[in-house]
Amino acid sequence: MKGTTGTTGGSGNYSDLFNCKGTYSTIDGVGVWRPVTDVYLLNKSTTVAVHAPYDATQGKLGTAGTLHLEVQKAEGKDTDGLFCSAYTVSKTQNLDDGLTLNQLYAELGFDIALTNYNSKAEITNITITGGTSSGLPLSADYNVFATGNNYSYAYSSDHAFSPDITPLELEPTKDVKKYLLMIPIQLTQEMTLTLTVNGKTMKTTIATSDISNSAFVAKHLYTFYIRLKPSALSVDDVTVEDWEAVDVKNEDGTDNGMNWEEDNKPS
């Protein structure tokens, strides 16, 4: 959480407050998250940015008031993503009223089926190149004071989307699902999807027109339905859904959904 007055320059600005932890409690029968340290607005308006989890990594690209996003975290602990919203609050407004945090990541889903395979197959790498002239970013910093739905990302120079994954074991009669975080971005060029299957490199292209609005948008799940043959790889369909409304689980049972509040609510 960080607050500044609505004026620029001069005196009277609030002190910056970063990573102020919130605690869960029940007030009048309603569960709420509140900062451990009370925040008083005195007689000034302010812009307040709230993010969850509270100890999310601060920006690494040299800009104050940012949070750091990395696609590699899809294989780690942060499978629920990162949530943040900024609000301009008046001196008389209760911060408990109507705070809705927005998911900052998009998510890619891979639903992979085997055709004409007589035995198991193992996928050890998923790579996507293209998408933009620089490729798809592996990391970015997000401006926490972007209000409303005006997402603001500063992309890193590393654009080689090939996250480390646990090998996927496929069987001829069973689809395999894998989910990876994606930093939202506008797509301007055709993408190439590359899988390493049983040590063999297999590729197929994905047109930007196959992706809704030619963009990976925050809070959305993009599922690629992939058909894998011994001699060919194809994407049969790409769907887009509201990530928040989907119960998303990897093959190992780990949850890639958006139930951060439920998952982190004290028992």
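Reading guide: rules and limits
All residue numbers refer to position in the chain's written sequence, counted from 1. Confidence filtering applies because this is a predicted model: local features only for residues at pLDDT of at least 70, side-chain atom pairs given and counted only at 80 or more, and all residues used for totals across whole chains, interfaces and linings. The side-chain figures draw on all heavy atoms in the structure; neither hydrogens nor water molecules are used. Starting at the N terminus, helices and strands are each numbered in turn, a helix being any DSSP run of H or I of at least four residues and a strand any DSSP run of E of at least two. The buried label goes to any residue with under 20% of its type's maximum accessible area, the exposed label to any with over 50%, and the partly exposed label to all in between, with areas taken from a 1.4 Å probe on protein chains only. We call two residues contacting when some pair of their heavy atoms lies within 4.5 Å. With residues, only the protein chains shown are counted as cover, and all accessible areas are computed by Shrake-Rupley using a 1.4 Å probe. If DSSP finds at least two bridges between two strands, the strands pair. To get an axis, fit a line to the C-alpha atoms, keeping to the stretch in contact for a helix; angles then go from 0 to 180 degrees between the N-to-C directions. Confidence per residue, as judged by the predictor, is encoded in pLDDT with a range of 0 to 100. Basic side-chain nitrogens of Lys or Arg form a salt bridge, by our definition, when they fall within 4 Å of a carboxyl oxygen of Asp or Glu. Only Phe, Tyr and Trp rings are paired, with Trp represented by its six-membered ring, and only when their centres lie within 6.5 Å; those with planes under 30 degrees apart are stacked, over 60 edge-to-face, the remainder tilted.

The subject of this paragraph is the overall build of the chain. Tallying secondary structure elements over the chain gives 1 helix and 19 strands in all. Split into buried and exposed, the 267 residues of the chain put 42% on the buried side. Of the contacts made within the chain by residues no fewer than 6 positions apart, 68% connect residues no fewer than 24 positions apart. Accessible surface computed for the chain: about 13,500 Å², of which carbon and sulfur atoms make up 45%.

Looking at the secondary structure, you find leucine 101 in the loop between strand 6 (83–89) and strand 7 (102–103). Distance from leucine 101 to alanine 49, taken between C-alpha atoms, is 9.6 Å for residues 52 residues apart in sequence. If we skip the residues at most four places from it in the chain, leucine 101 touches Val50, His51, Ala52, Phe83, Cys84, Ser85 and Tyr87.

This part covers the sheet that holds strand 11 (residues 153–155). Taken together, the 3 strands give an open sheet; going across it, the order is 5-10-11, and neighbouring strands pair in antiparallel fashion. A strand with exactly one partner marks an edge of an open sheet, and here the two such strands are strand 5 (66–70) and strand 11. This sheet shows a mean twist of 25° between the axes of neighbouring strands, independent of strand direction. In this structure, strand 10 (residues 139–143) lies alongside strand 11, joined through 3 bridges in antiparallel fashion. Counted as the bridge partner of alanine 140 is tyrosine 155 from strand 11.

What follows deals with the pairing of strand 8 (residues 106–114). Each regular strand shows side chains that alternate between the opposite faces of the sheet. The element strand 8 is extensively covered by neighbouring structure, given that 9 of its 9 residues are classed as buried. The alternating pattern of strand 8 places Ala106, Leu108, Phe110, Ile112 and Leu114 and Glu107, Gly109, Asp111 and Ala113 on opposite faces, both of which are buried. Note: strand 8 against strand 13 (residues 176–182), 7 bridges, orientation antiparallel. Bridge pairing links leucine 108 to leucine 180 in strand 13. Inspection of the sheet shows strand 8 paired to strand 18 (residues 220–229) by 8 bridges, in the parallel sense. For alanine 113, the partnering residue across the bridge sits in strand 18 and is arginine 227.

For the rest of this paragraph, the subject is unusual backbone geometry. Even without being glycine, asparagine 116 reaches a positive phi, approximately 65°. Mapped onto the elements, asparagine 116 comes out in the loop between strand 8 and strand 9 (121–130). Under the relative-accessibility criterion, asparagine 116 is labelled exposed at 60%. Positive phi outside glycine occurs at serine 214, with the angle close to 50°. Tracing the chain through its elements places serine 214 in the loop between strand 16 (200–206) and strand 17 (215–216).

Moving on: the confidence of the model for the chain. Scored by pLDDT, the chain comes out at a mean of 76, with 69% of its residues at no less than 70. Between the elements of the chain, mean pLDDT differs from a low of 44, seen in strand 1 (residues 2–5), to a high of 95, seen in strand 16. Every residue in residues 256–267 scores below 50 in pLDDT, and together they form 30 contacts with partners more than four places removed in sequence or on other chains.

Enumeration according to the criterion identifies 2 salt bridges in this entry. For the salt bridge of lysine 177 with aspartate 111, the shortest nitrogen-to-oxygen distance reads 3.8 Å. Of this pair, lysine 177 sits in strand 13 while aspartate 111 sits in strand 8, placing them 66 residues apart in sequence. A salt bridge links arginine 227 to aspartate 236; its shortest N-O distance comes to 3.0 Å. Take aspartate 236: its relative accessible area is 46%, and that puts it in the partly exposed class.

What follows is about the packing of aromatic side chains. Applying the stated criterion across every chain yields a total of 4 aromatic pairs. For the ring pair phenylalanine 216 and tyrosine 222, a centre distance of 5.2 Å and an interplane angle of 75° mean the geometry is edge-to-face. Each member of the pair, phenylalanine 216 as well as tyrosine 222, is classed as buried.

Here we take up the pairing of strand 3 (residues 30–35). Across 6 bridges, strand 2 (residues 22–27) lies against strand 3 in antiparallel orientation. Opposite threonine 26, over in strand 3, you have glycine 31 as the bridge partner. The antiparallel pairing of strand 2 with strand 3 creates a hairpin that spans 2 residues between the two strands, and aspartate 28 there sits at a positive phi of about 55°.

Attention now goes to the side chain of threonine 223. By the element assignment, threonine 223 lies in strand 18. Given a relative accessible area of 7%, threonine 223 falls into the buried group. Filtering out sequence-adjacent residues up to four positions away, threonine 223 remains in contact with Gly109, Asp111, Asp237, Val238, Thr239 and Glu241.

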